[in-house]
Amino acid sequence: MTAEPSITKPKPPPAAPQKAVTVHQAINAVMRDMDPVGKNGFNDFSRYKFRSVEDVINAANGAFVRHGLFIAPEVVNERYELRGGKNNTAILTIKYRIFGPSGDHVEAVMVGEGSDVSDKAANKAMTAGFKYLLNQVFMIPTESTDDSDRDTPVGAPDPLSGFLARMRDPYVWNDPKALSLIAQDAELAQVSGHRVPMKAGAEPVTLAQLISNRRAQLNAQHQEQQAA
């Protein structure tokens, strides 16, 4: 009986090595993969639309994971200002390194600003910087055609004008408690440090200073009446 000859199957050719995806290619892939983020948030007090940082991050997260991107921030400069009497404002210059799946990276520098009456000013500045980094580097599309995240609708008063209109009411202007409530609302709306339009030659004051000066004047009048 004759043995059958063994047949050696040819080995398949080695697979061609895949080219490494650069960070620029990964960024482009993320841009193609991201959905639009509309201005779905609305500030009832100051009457403006905005797109929140949560919406922006949620839109970017899945595409970042799929295409192997991550971001490392570094604060390279920081300064703090006291605005409106109590608002502590942090102004941070932040360098972001955007790393691709191959380990290469690009850098982008943003300025973030945030105000808080307690200890969260730097946190808010970091959040603002990161939000605008994502918006600008990845050109996240929006349903809106304007280029600002905080526009006042046409025909609507700006936030400062709304506070000044409330203060023109004689009952408010002559009531220290009512003025205190306006001061608290102004801090929450982050307009306490806005300059108030004054007559030519008058010393410029912020909204917080105007309210404080008026309350001091009313308290002085009350003390004079009690003394009389």
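Thresholds, definitions, all that
- Per-chain numbering applies: the sequence of each chain, read as written, is numbered from 1 onward.
- Where totals are concerned, whole chains, interfaces and linings use all residues; where local detail is concerned, this predicted model gives features only for residues with pLDDT of at least 70, and gives and counts side-chain atom pairs only at 80 or more.
- Hydrogens and water are ignored here; the side-chain numbers use all heavy atoms of the structure.
- To get an axis, a line is fitted to the C-alpha atoms, and for a helix only the part in contact is used. The angle between two axes follows their N-to-C directions and goes from 0 to 180 degrees.
- Numbering of helices and strands runs from the N terminus, with a helix taken as a DSSP run of H or I at least four residues long and a strand as a DSSP run of E at least two residues long.
- Roughly parallel here means an angle under 35 degrees, roughly antiparallel means over 145, roughly perpendicular means 65 to 115, and every remaining angle is called oblique.
- Definitions for this section: a left-handed crossing has its near helix turned counterclockwise from the far helix by less than a right angle. A right-handed crossing has that turn clockwise.
- Two residues form a contact once any of their heavy atoms are found within 4.5 Å.
- Following the grouping adopted for this structure description, the nonpolar residues are Ala, Val, Leu, Ile, Met, Phe, Trp, Tyr, Cys and Pro, the charged ones are Asp, Glu, Lys and Arg, and the polar ones are all others, Gly among them.
- Relative accessibility thresholds used throughout: buried, under 20% of the residue-type maximum; exposed, over 50%; partly exposed, between the two (1.4 Å probe, protein chains only).
- For two strands to count as paired, DSSP must find a minimum of two bridges between them.
- The working definition used for a salt bridge is a side-chain nitrogen of Lys or Arg within 4 Å of a carboxyl oxygen of Asp or Glu.
- What a helix should span is 1.5 Å times the count of its residues minus one.
- What pLDDT reports is the predictor's confidence in each residue, on a scale of 0 through 100.

**A word on the packing of helix α1 (residues 23-33) against helix α2 (residues 53-67)**
Argument step 1. Packing of α1 against α2 brings their axes to within 9 Å, and their N-to-C directions diverge by 140 degrees. In terms of orientation, α1 lies oblique with respect to α2. Handedness of the crossing formed by α1 with α2: right-handed. Contacts between α1 and α2 involve Ala-26, Ala-29, Val-30 and Asp-33 on the former and, on the latter, Ala-63, Phe-64, Arg-66 and His-67.
Argument step 2. In terms of residue class, the contact of α1 with α2 is made up of five nonpolar, one polar and two charged.

**A closer look at unusual backbone geometry**
Argument step 1. Here Met-139, not a glycine, exhibits a phi torsion of approximately 45 degrees, which is positive.
Argument step 2. Since its relative accessible area comes to 58%, Met-139 is described here as exposed.

**Some remarks on the sheet that holds strand β4 (residues 87-99)**
Argument step 1. Across the sheet, which stays open at both edges, the three strands sit in the order β3-β4-β5 with antiparallel pairing between neighbours. A strand with exactly one partner marks an edge of an open sheet, and here the two such strands are β3 (70-83) and β5 (105-116). Between one strand axis and the next, the sheet turns by 15 degrees as a mean value, whatever way the strands run.
Argument step 2. Contacting β4 and β5, α1 runs over the sheet at an angle of about 55 degrees to β5.

**Let's talk about the pattern of salt bridges**
Argument step 1. Tallied over the full model, the rule gives eight salt bridges.
Argument step 2. As a salt-bridge pair, Arg-66 and Asp-33 come within 2.8 Å of each other at their nearest N and O atoms. Note that Arg-66 is positioned in helix α2 and Asp-33 in helix α1, a separation of 33 residues in sequence.
Argument step 3. You can call Arg-66 exposed: its relative accessible area is 56%.
Argument step 4. The class for Asp-33 is partly exposed, based on a relative accessible area of 29%.
Argument step 5. One salt bridge connects Glu-81 with Arg-79, and the closest N-O pair in it is separated by 2.6 Å.

**A short note on helix α3 (residues 121-137)**
Argument step 1. A rise of 1.5 Å per residue sets the reference length of α3, with its 17 residues, at 24 Å; its end C-alpha atoms lie 24 Å apart and thus fit the reference within 8%.
Argument step 2. Along α3, the residues classified as buried are Ala-121, Ala-125, Ala-128, Gly-129, Lys-131, Leu-133, Leu-134 and Asn-135.
Argument step 3. Each element contacted by the buried residues of α3 is listed here: α2, β3, β4 and β5.
Argument step 4. Where α3 ends, the next residue or the one after it, Met-139, has phi of about 45 degrees, a positive value.

**Examining the packing of α2 against α3**
Argument step 1. Where α2 meets α3, the closest approach of the two axes is 10 Å, and the angle between their N-to-C directions is 55 degrees. The pairing of α2 with α3 is recorded here as oblique in orientation. Crossing of α2 over α3 shows left-handed handedness. Contact residues: Val-53, Val-56, Ile-57, Ala-60 and Phe-64 in α2; Thr-127, Phe-130, Lys-131, Leu-134 and Asn-135 in α3.
Argument step 2. When the residues that make up the contact of α2 with α3 are grouped by side-chain class, the tally is seven nonpolar, two polar and one charged.

**Re the environment of Ala-108**
Argument step 1. Structurally, Ala-108 can be placed in strand β5.
Argument step 2. Considered as a pair, Ala-108 and Ile-94 are 14 residues apart in the sequence and their alpha carbons are 8.4 Å apart.
Argument step 3. Apart from the residues lying within four places of it in its own chain, the contact partners of Ala-108 are Ile-94, Lys-95, Tyr-96, Leu-133 and Val-137.

**Points about the confidence of the model for the protein chain**
Argument step 1. Overall, the predicted model of the protein chain reaches an average pLDDT of 81, with 79% of residues at or above 70.
Argument step 2. Mean pLDDT values for the elements of the protein chain range from 66 in strand β1 (residues 41-43) up to 92 in β4.
Argument step 3. Contacts of residues 144-156 to residues separated by more than four positions or lying in other chains number 23 contacts, the stretch itself having pLDDT below 50.

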